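Read off the chains here:
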Amino acid sequence: MAKAALSALLVAFLTAAVAEVADVVGESEVQQEARGPPPHPLTNIPPPSPYVACQAEIKDQLLERALLRAGEESTLLVKVTNNGEEPVTLAGFMGSLNAPFDFATHVMNFTGKAMDDVVEPGSELEVTYEFVPFEKLVPYEYLMAHTLFYTGPNDAVFADTVFNQTVTVEEKEPFFDWQLWSLYLMFAAAGVGVFYWAYSTAAAVLAPKKAKSAKKAKKTTAPSAAQDPSQWLQGTSAAAKKDKKK
């Protein structure tokens, strides 16, 4: 009956446990309805077992920096060591986010994870708890707590809060970041502009120099020997005779 109560505790409320208690004290159905629903399992957490040690090992990159991203899954790794002489059955995880200034101010509950893993005496077992903050959760600092529930000898129920610290929730990263791409386009446009300016400036500086060098070449060009066949006769007797004939 205690295991059934523990399962109900992890899923929603301690319905089975309350029914068991009601049978013992002889409470009627009318009295049960008047009393209202049972308390949430995280409202009245059982004490931990003195023979069980639970240690959280944070391997999630975001969680290592005490960060969560709204709408994205994070993972908590927990090592459970049974130092007792009786086996321990892990029932599951539950977690919540609360206001950092007042733990009693509840923000949200994470989806619980039901388990049925047995840790034998003198052995260790590593288990994981995957949880996702609300996608529309307001980015802010919250106090986050995760609790592992388990049973020991005689179906005694125990719990150990394996994580309890302040975390910062960030907005979910968009699939397409318009701001980032706009920045890339701005840098690309600036690069094209600089290249065009440098090219135009270089073309404007080099063009007049080419024109001047072409004009100088035309002015200094003189008739060559091939153009005037008699040029090589200058200074000889043949050139003198030719001049007399003229």
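Not measured: the values here are computed from a predicted model. Think of each chain on its own: its residues are numbered from 1, step by step along the sequence as written. For this predicted model, a pLDDT threshold of at least 70 governs which residues receive local features, and a threshold of 80 or more governs which side-chain atom pairs are given and counted, while totals over whole chains, interfaces and linings are taken from all residues. The side-chain values count all of the structure's non-hydrogen atoms but skip hydrogen atoms and water molecules.

S.K.: Quick one: what's the story with the overall build of the protein chain, residue by residue and with numbers?
M.R.: Secondary structure summary: the protein chain contains 6 helices and 9 strands in total. Only protein chains enter the accessibility calculation, which uses a 1.4 Å probe. A residue is then buried if its area is under 20% of the maximum for its type, exposed if over 50%, and partly exposed in between. For the protein chain, the residues scored as buried account for 30% of the 246 residues in total. The contact criterion used is simple: two residues touch if any of their non-hydrogen atoms lie within 4.5 Å. Summarising the internal contacts of the protein chain: among those between residues at least 6 apart in sequence, 68% fall at separations of at least 24. Computed by Shrake-Rupley with a 1.4 Å probe, the accessible areas treat only the displayed protein chains as cover when residues are assessed. Of the accessible surface of the protein chain, which amounts to about 16500 Å², a share of 58% is contributed by carbon and sulfur atoms. Segments assigned H or I by DSSP are reported as helices when at least four residues long, segments assigned E as strands when at least two residues long, and all are numbered from the N terminus.

S.K.: Give me the lowdown on the confidence of the model for the protein chain, citing residues and values where you can.
M.R.: When pLDDT is averaged along the protein chain, the result is 76; 63% of the residues meet or exceed 70. Scored from 0 to 100, pLDDT reflects the predictor's confidence in each residue. Every residue in residues 11-25 is under pLDDT 50, and counting partners more than four places away or in other chains gives 24 contacts.

S.K.: If you had to explain the nonpolar core to someone new, which residues and values would you point to?
M.R.: Nonpolar core, defined: a set of buried Ala, Val, Leu, Ile, Met, Phe, Trp, Tyr and Cys residues in which side-chain atoms within 4.5 Å join the residues together. Residues V80, L90, L97, M144 and L148 are the most contacted members of the largest nonpolar core, which totals 29 residues. Counting only elements with at least two residues in this core, the list comes to β1 (52-57), β3 (74-82), β4 (88-99), β6 (113-119), β7 (124-131), β8 (141-151) and β9 (157-170). Among the elements that make up this core, the one with the highest residue count is β9 (5 residues). When residues no more than four places from it in sequence are discounted, the contact partners of V80 are V52, A53, C54, L90, V119, S123, E124, L125, V127 and L148.

S.K.: Run through the sheet that holds β3, naming residues and quoting values.
M.R.: Any two strands are treated as partners once DSSP identifies two or more bridges connecting them. Reading across from one edge, β1-β3-β7 is the order of the 3 strands in this open sheet, with antiparallel pairing throughout. Since the sheet does not close on itself, it has two edges, and those belong to β1 and β7, each with one partner. The mean angle between the axes of side-by-side strands here comes to 25°, regardless of whether they run parallel or antiparallel. Pairing between β1 and β3: 6 bridges, direction antiparallel. Within β3, the position partnered with V52 by the bridge is N82. Comment: axis = line fitted to C-alpha atoms, over the contacting stretch for helices; angle = value between 0 and 180 degrees taken between N-to-C directions.

S.K.: Could you give an account of the environment of T166, naming the residues involved and the relevant values?
M.R.: Summarising the element assignment, T166 is placed in strand β9. Using a relative accessible area of 39% as the deciding quantity, one classes T166 as partly exposed. Counting along the chain gives 23 residues from T166 to L143, while the straight-line C-alpha distance between them is 4.3 Å.

S.K.: Outline the packing of aromatic side chains, supporting the account with residue identities and numerical values.
M.R.: Pairs were defined over the aromatic rings of Phe, Tyr and Trp, the Trp ring being its six-membered one, requiring ring centres within 6.5 Å. Orientation was assigned from the angle between planes: stacked under 30 degrees, edge-to-face over 60, tilted for the rest. Counted under the stated rule, the structure contains 5 aromatic pairs. Between the aromatic rings of F93 and Y129, the centroid separation amounts to 5.0 Å while the plane-to-plane angle is 5°, which identifies the pairing as stacked. With F93 in strand β4 and Y129 in strand β7, the pair connects residues that are 36 residues apart, well separated along the chain. Residues F93 and Y129 agree in their burial class; the two are buried. An aromatic cluster is present here, built from F93, F110, Y129 and F131 joined pairwise through their rings.

S.K.: Report on unusual backbone geometry, specifying residues and quantitative values.
M.R.: In this structure, N154 is a non-glycine residue whose phi angle is positive, near 60°. Note that N154 resides in the loop between β8 and β9. Within the chain, D155 stands out as a residue other than glycine whose phi angle is a positive 60°. Within the fold, D155 resides in the loop between β8 and β9. For D155, a relative accessible area of 35% gives the class partly exposed.

S.K.: Requested: an account of the pairing of β9, with residues and values cited.
M.R.: Note: strand β2 (residues 67-69) against β9, 3 bridges, orientation parallel. By the bridge assignment, R69 is partnered in β9 with E170. Here 11 bridges tie β8 to β9, and the two strands are oriented antiparallel to one another. Bridging from a neighbouring strand, E141 pairs with T168 of β9.

S.K.: Account for a nonpolar patch on the surface, with residues named and values stated.
M.R.: Patches draw on residues past 30% relative accessible area with no salt bridge. Two like charges within 9 Å are joined, as are two nonpolar side chains (Val, Leu, Ile, Met, Phe, Trp, Tyr) within 5 Å. Basic side-chain nitrogens of Lys or Arg form a salt bridge, by our definition, when they fall within 4 Å of a carboxyl oxygen of Asp or Glu. A cluster of nonpolar residues, L183, M186 and F187, forms a patch on the protein surface that exposes about 320 Å² of accessible area. Note on placement: M186 falls in helix α5 (residues 178-219).

S.K.: Got a sec to walk through the pattern of salt bridges? Specific residues and values, please.
M.R.: Pairing between side chains becomes possible if they bear opposite charge and their charged atoms approach one another. Inspection of the entire model under this criterion finds 4 salt bridges. The residue E170 makes a salt bridge to R69 at a minimum N-O spacing of 3.3 Å. Of this pair, E170 sits in strand β9 while R69 sits in strand β2, and the two are 101 residues apart along the sequence. Here the residues in one salt-bridge network are R69, E72 and E170, joined through shared partners.

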